[in-house]
Amino acid sequence: MSNMDNQNMASTSGFAKGLFIGGLIGAAAALLFAPKPGRDLRSDLSEKMTVVSDKTKDVASVVSSKATDLAKTVSTKTADVAKTVAESKDNIVSSVTKASADVANEAAKPDKEVMDATAQAAKDTQKQLNANS
């Protein structure tokens with residue numbers, strides 16, 4: 001995963017923790033300052049804890065779902081990039097092979113011309129030597 005993905009997951013995790021802790025503090029403060037007897041206060045605290053716990057589980061489920069989706073997306077994108085790189089590599093290798101063959105063919109032409117000219121010069125020299133003798 002990229003650094004940005006890790007930061008997003010850490011940010012979401014931090015948000016979930018903050019939400020949970022803030023909910024607990026808010027519920028406790030609201031219940032502590034409410035004029036109720038101890039039994040009612042404990043009952044309300046228990047209900048609020050259940051609500052906060054349920055909401056935390058919901059948030060954790062959403063975060064987990066988003067992380068799974070993100071992992072699938074990253075996997076797909078990585079596979080696409082790998083495929084593109086492989087195709088590009090094949091194209092480059094093909095182009096370089098063709099270019100080197102073209103260069104070899106072009107280099108062979110002057111070499112053949114020099115050899116033909118040398119052979120012709122040798123024949124001409126031989127004719128002149130035979131004619132002078």
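Residues numbered from 1 in each chain as written. Predicted model: local features only at pLDDT ≥ 70, side-chain atom pairs only at ≥ 80, totals over all residues. Heavy atoms only, no water.

Asks: I'd like a description of the overall build of the protein, backed by residues and values.
Replies: Each helix and strand counted, the protein has two helices and zero strands in total. Looking at the protein residue by residue over its 133 residues, the buried ones come to 6%. As displayed, the protein offers around 10600 Å² of accessible surface, 62% of which is attributable to carbon and sulfur atoms. (Helix = DSSP H or I, 4+ residues; strand = E, 2+ residues; numbered from the N terminus. Buried < 20%, exposed > 50% of the residue type's maximum accessible area, 1.4 Å probe, protein only. Areas by Shrake-Rupley, 256 points an atom, 1.4 Å probe, with all protein chains shown as cover.)

Asks: Run through helix 2 (residues 38-132), naming residues and quoting values.
Replies: An ideal rise of 1.5 Å per residue puts 141 Å on 95 residues; helix 2 measures up with 138 Å between its terminal C-alpha atoms. Residues Leu41, Asp44, Val52 and Ala67 constitute the buried set of helix 2. (Expected span 1.5 Å × (residues − 1).)

Asks: Could you give me a rundown of the pattern of salt bridges, with the residues and numbers involved?
Replies: All told, the structure shown has two salt bridges when counted by the stated rule. For Asp90, the salt bridge goes to Lys89, with nearest N and O atoms at 3.5 Å. Residues Lys98 and Asp102 are paired through a salt bridge, measuring 3.6 Å at the closest nitrogen-oxygen approach. Pair noted here: Lys98 and Asp102 are both in helix 2, with a separation of four residues, about one helical turn. Judged by its relative accessible area of 54%, Lys98 is exposed. (Salt bridge = Lys/Arg side-chain N within 4 Å of Asp/Glu carboxyl O.)

Asks: I'd like a description of the environment of Thr50, backed by residues and values.
Replies: Mapped onto the elements, Thr50 comes out in helix 2. In this structure the side chain of Thr50 is engaged in a polar contact, spanning 2.9 Å, whose partner is the backbone oxygen of Ser46. (Polar contact = N/O pair within 3.5 Å; in protein donor to acceptor, adjacent residues only side chain to side chain.)

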